[in-house]
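# Coordinate analysis (summary)
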Amino acid sequence: MMDRTKLKGYAALIMVFTLGILLGGAGTRAMLQRRYERFARDPAMFERRRLGALSHRLNLDDAQRDRVRDVLGKYGKQRRALSREIMTRCGGPLREQKSRMDGELRSLLRPDQQARYDQLIKDSDAHGPADPPPDPSP
């Protein structure tokens, strides 16, 4: 039979390990959330990231990089408009399904939980990709 000291030591080790996992996961989620928000706010970020990837993988020289940047810029606004149109036109069934699922989940909760769930939905909708990002260019 183990003595209490060993059990406390194992419990502390497990607790530290678990806290490390939780904190690491929370930190990673926060970092990814900030990246997504930056990406959604800056419509040209996609083109810059794509230019960086192409430049790196294809070993573009400076002149090629400038020409590729021009082409990406030329088509970027149109691509963003088409993406918004697709999400607006085709996103309806997804939003309806999410609404039905949220209603069903909400019906399983106590009133105090429902209020918190409603806030979670509101926060998620404010940050999620369910709706198309606004057009930054008027």
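Since this is a predicted model, take the numbers as computed values, not measurements. Residue positions are counted from 1 within each chain, in the order its sequence is given. Totals for whole chains, interfaces and linings use every residue, but because this is a predicted model, local features are given only for residues with pLDDT of at least 70 and side-chain atom pairs only at 80 or more, for both listing and counting. Only hydrogens and water are set aside when side-chain values are computed; all heavy atoms of the structure are taken into account.

### Concerning the overall build of the chain
Rule in force here: Under the DSSP-based scheme used, a helix requires at least four consecutive residues in state H or I and a strand at least two consecutive residues in state E, with every element numbered from the N terminus. For every residue, the accessible area (1.4 Å probe, protein chains only) is compared with the maximum for its type, and the residue is labelled buried under 20%, exposed over 50%, or partly exposed between those bounds. Whether two residues are in contact is decided by their heavy atoms, any of which lying within 4.5 Å being enough. Each accessible area is a Shrake-Rupley result for a 1.4 Å probe, and residues are judged covered by the shown protein chains and nothing else.
When you go through the chain residue by residue, the secondary structure sums to 5 helices and 0 strands. Counting from the amino terminus, the chain carries its helices and strands in the arrangement α-α-α-α-α. Relative to its 138 residues, the chain shows a buried fraction of 11%. Long-range contacts, defined as pairs at least 24 residues apart, comprise 54% of the intrachain contacts of the chain with a sequence gap of at least 6. For the chain, the computed accessible surface area is about 11500 Å², with 62% contributed by carbon and sulfur atoms.

### Re a nonpolar patch on the surface
We apply this condition: Patch criteria: residues need more than 30% relative accessible area and no salt bridge. Like-charged residues are merged within 9 Å; nonpolar side chains of Val, Leu, Ile, Met, Phe, Trp and Tyr are merged within 5 Å. Note on definitions: salt bridges are taken to be side-chain nitrogens of Lys or Arg within 4 Å of carboxyl oxygens of Asp or Glu.
A surface patch of nonpolar side chains, amounting to about 440 Å² of accessible area, comprises Met15, Leu19, Leu22 and Leu23. In this structure, Leu19 sits in helix H1 (residues 4-41).

### A word on unusual backbone geometry
Of note in the backbone geometry, Asn59 takes a positive phi value of approximately 55 degrees without being a glycine. Its place among the elements puts Asn59 in the loop between helix H2 (45-58) and helix H3 (62-90).

### Remarks on the side chain of Ser55
Among the secondary structure elements, Ser55 is positioned in helix H2. In this structure, Ser55 is in contact with Leu60 and Arg65, ignoring residues within four places of it in sequence.

### Description of H2
How we decide: To estimate how far a helix should reach, multiply one less than its number of residues by 1.5 Å.
Counted at 1.5 Å a residue, the expected span for H2 with its 14 residues is 20 Å, and the 20 Å between its end C-alpha atoms agrees. Downstream of H2 by a residue or two, Asn59 has a phi angle that is positive, lying close to 55 degrees.

### Topic: the pattern of salt bridges
A complete count under the given rule lists 9 salt bridges for this structure. With its nearest N and O atoms 2.9 Å apart, the salt bridge here joins Asp66 to Arg69. Remark: Arg69 and Asp66 occur in helix H3; sequence separation between them is 3 residues, near one turn of the helix. With a relative accessible area of 41%, Arg69 lands in the partly exposed category. Of the charged contacts, one joins Arg89 and Glu85 as a salt bridge, the two residues approaching to 3.5 Å between their closest N and O atoms. Placement of both Arg89 and Glu85 in helix H3 is noted, with a separation of 4 residues, approximately one turn of the helix.

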